[in-house]
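The chain contents come next:
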Amino acid sequence: MILENLTYEQCIAQGVGPLVFPARLEKGLDPANSARMKMVCVHNMQQQVKLQHTLSLAWTALTKAGIRPVLMKGAGLAALYPDPSYRTWGDIDLFVGIDQYHPACAVMRDTFPNALKFDEELDHYKHYNLIADGISIEIHRVSIGFQHPIDARRYAKMEAFGMSHAITITNNQSPITISVPEPTFNALFVMLHSWEHMMTQGANLRQILDLKLLVQHYKYRIDKYRLRYYLQDLHVMDVWQLYMWIAVKALDLPVWEAPCYKGGKDVELRAKKLLDDLLAGKMVAPITNHQSPIALPANGIQ
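Sequence order sets the numbering: in each chain, residues are counted from 1 along the sequence as written. Per-residue local features are limited, in this predicted model, to residues with pLDDT of at least 70; the limit for side-chain atom pairs, both in listing and counting, is 80 or more; totals at the level of whole chains, interfaces and linings are taken over all residues. Note that the side-chain values use all heavy atoms of the structure and ignore hydrogens as well as water.

Trainee: Residues and numbers for the overall build of the chain, please.
Mentor: In this text, helices come from DSSP runs of H or I with a minimum length of four residues, and strands from runs of E with a minimum of two, each type numbered from the N-terminal end. The secondary structure content of the chain amounts to eleven helices and seven strands. Taken over C-alpha atoms, the radius of gyration comes to 19 Å for the chain, in line with the 19 Å a tight globule of 302 residues would show. With respect to the principal axes defined by its C-alpha atoms, the chain has extents near 50 × 50 × 40 Å. Taking all 302 residues of the chain together, the buried fraction comes to 55%. Throughout, a contact is declared for two residues whenever any of their heavy atoms are within 4.5 Å. Partitioning the contacts of the chain with sequence separation of at least 6, the portion at a separation of at least 24 is 65%. The protein chains shown are the only cover counted for residues, whose accessible areas, like all others here, come from Shrake-Rupley with a 1.4 Å probe. When the accessible surface of the chain is summed, it comes to about 13,900 Å², and 54% of that surface belongs to carbon and sulfur atoms. Charge counting follows a simple rule: Lys and Arg are positive, Asp and Glu are negative, and His as well as the terminal groups are ignored. Just so you know, the charge point we use is NZ for Lys, CZ for Arg, CG for Asp and CD for Glu. On the chain, the mean spot of the 30 positive side-chain charges and the mean spot of the 29 negative ones are 4 Å from each other. Our radius of gyration is a C-alpha quantity, and the globule rule it is checked against amounts to 2.2 Å times the number of residues to the power 0.38. The classification of residues rests on relative accessible area computed with a 1.4 Å probe and restricted to protein chains. Under 20% of the type maximum is buried, over 50% is exposed, and intermediate values are partly exposed.

Next up, the structure:
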């Protein structure tokens, strides 16, 4: 796996330090950076305790108000790692949908009265954001914003299915039981979210590792035919194939566990370019056959 050959600096930049460093410390590798590696791991564990506490408060408050949130990314993806503390996550993303959006925002303000209010509660925003005790909580109307109305309508149907069929998972770091998106839709969402970052804020290898672990963990629950339909309908099949190539060739995902995997020189050349750009810190996505339909508003991600 390519992670084993990353430098200390690359591990930090790619968001995989807490995953890679424990094994290196146990084997006594890279003694020059041992103190720094220990600090990264300890800090991540401390941060997760704080995040889990805030998540529990928010989740409990919403469910008591009759609101059914779905946790996106964060702790839901961390649960797929050998140890949840191996994955870094810095905020809490809760999907509530359009109908529950305003009531959920009100519940969050009541639950965290001293929180900093970051975003306005507007219907054309993707989410409402507040910062409670240093932890960012995002209440989502929608999970991804699309520029073209046809793509937005198509995605809305996918999202409605994926969120209404959310599954519950055991969160060993918290007393609460949380819901995460249905696996087929979640795979689509994780890829789209990473691609959105690729085109705006920049992405890292951990996001592709998230997707790899997700499709591997739910290999018998992901509907490959429905996923193929989703990807083709949104014109992002080629993007998915780049991610799957990296997951297989660089992150050791077995080919049979990689939905819609495609080899060939064309995919290989573009996927290698994407991987090289990620590792070099360029955070630049390669040109693909289709322009991504994800919205790119003037002020950044919606």
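Trainee: Describe the sheet that holds strand 3 (residues 116-117), and please don't skip the residues or the numbers.
Mentor: Following DSSP output, two strands are said to pair if at least two bridges run between them. Taken together, the five strands give an open sheet; going across it, the order is 1-2-5-4-3, and neighbouring strands pair in mixed fashion. Each of the sheet's edge strands pairs with one partner strand only, and the pair in question is strand 1 (70-72) and strand 3. Note that strand 3 and strand 4 (residues 127-132) share two bridges and pair antiparallel. Residue Leu116 lies in a different strand from strand 4, and its bridge partner there is Ile131.

Trainee: Quick rundown of the pattern of salt bridges? Include the residues and the values.
Mentor: Note on pairing: side chains with opposite charge can pair once their charged atoms come close. The salt bridge definition used is simple: a Lys or Arg side-chain nitrogen within 4 Å of an Asp or Glu carboxyl oxygen. Summed over all chains, the structure comprises 14 salt bridges. Arg206 serves as the salt-bridge partner of Asp210, at 3.6 Å between the closest nitrogen and oxygen. Remark: Arg206 and Asp210 occur in helix 8 (residues 205-217); sequence separation between them is four residues, near one turn of the helix. Across the pair, Arg206 and Asp210 agree in class, each one buried. One salt bridge connects Asp277 with Lys273, and the closest N-O pair in it is separated by 2.7 Å. Linking Asp277 with Lys273, this pair stays in helix 11 (residues 265-279), spanning four residues, or about one helical turn. Of the residues examined, Lys273 reaches a relative accessible area of 43% and is grouped as partly exposed.

Trainee: I'd like to hear about the packing of helix 8 against helix 10 (residues 237-249), residue by residue, with values.
Mentor: The interhelical angle for the contact between helix 8 and helix 10, taken along N-to-C directions, is 85°, at an axis separation of 10 Å. With respect to helix 10, the axis of helix 8 lies roughly perpendicular. When helix 8 is examined against helix 10, the residues Leu205, Ile208, Leu211, Lys212 and Val215 are found in contact with a partner set consisting of Trp240, Tyr243, Met244, Ile246 and Ala247. Convention adopted: a line fitted to C-alpha atoms gives each axis, helices being fitted over their contacting stretch, and angles between N-to-C directions are expressed from 0 to 180 degrees. Here is the rule for angles: anything less than 35 degrees is roughly parallel, anything more than 145 is roughly antiparallel, 65 through 115 is roughly perpendicular, and the remaining ranges are oblique.

Trainee: Give a description of the state of the cysteines that names residues and reports values.
Mentor: What makes a disulfide is a covalent bond joining the sulfur atoms belonging to two cysteines. Here, the term disulfide refers to a pair of cysteine sulfur atoms separated by no more than 2.5 Å. This structure, assessed with the given rule, holds zero disulfides. Free cysteine Cys41: the closest other cysteine sulfur is in Cys11, separated by 10 Å. Note on Cys41: relative accessible area 11%, which makes it buried.

Trainee: Break down the side chain of Arg141 for me, citing the residues and quoting the values.
Mentor: As for its position among the elements, Arg141 is in the loop between strand 5 (135-140) and helix 6 (149-164). The class of Arg141 is buried, set by a relative accessible area of 12%. A polar atom in the side chain of Arg141 sits 3.1 Å from the backbone oxygen of Tyr125. Not counting chain neighbours up to four residues away, the residues in contact with Arg141 comprise Phe95, Gly97, Ile98, Tyr101, Leu122, Asp123, His124, Tyr125, Lys126, His127 and Glu159. Whenever two N or O atoms come within 3.5 Å, that pair is a polar contact, provided that in protein one can donate a hydrogen and the other can accept it, and provided that, for residues adjacent in sequence, both atoms are side-chain atoms.

Trainee: Hey, could you go over the environment of Gly15 for me, with residue numbers and the actual values?
Mentor: Within the fold, Gly15 resides in the loop between helix 1 (8-13) and helix 2 (17-27). C-alpha separation for the pair Gly15 and Leu55, spaced 40 residues apart in sequence, amounts to 21 Å. Setting aside residues no more than four positions away along its own chain, Gly15 makes contact with Thr88, Asn204 and Arg206.

Trainee: Let's hear about helix 8: which residues, and what values?
Mentor: In this analysis, the expected span of each helix is defined as 1.5 Å times one less than the number of residues it contains. The terminal C-alpha atoms of helix 8 lie 18 Å apart, and with 13 residues this matches the ideal 18 Å at 1.5 Å per residue to within 8%. Of all 13 residues in helix 8, eleven are buried, a share of seventy percent or more. By the burial criterion, the buried members of helix 8 are Leu205, Arg206, Gln207, Ile208, Leu209, Asp210, Leu211, Lys212, Leu213, Leu214 and Val215. In the core, the buried residues of helix 8 are packed alongside helix 2, helix 4 (74-78), helix 7 (183-199), helix 10 and helix 11. For helix 8, the N-terminal cap is Asn204; the gap from its side-chain oxygen to the backbone nitrogen of Arg206 is 3.2 Å.

Trainee: So what's going on with the environment of Phe21? Which residues, and what values?
Mentor: Mapping Phe21 onto the fold places it in helix 2. For the pair Phe21 and Ser85, spaced 64 residues apart in the sequence, the C-alpha separation amounts to 12 Å.

Trainee: Any chance you could break down unusual backbone geometry for me, citing the residues and the numbers?
Mentor: Although it is not a glycine, Asp30 sits at a positive phi angle of roughly 55°. You can see Asp30 is positioned in the loop between helix 2 and helix 3 (34-64). Phi is positive for Asp252, which is not a glycine, with a value near 65°. Assignment of secondary structure puts Asp252 in the loop between helix 10 and helix 11. Taking the relative accessible area as the measure of exposure, Asp252 reaches 44% and is therefore partly exposed.

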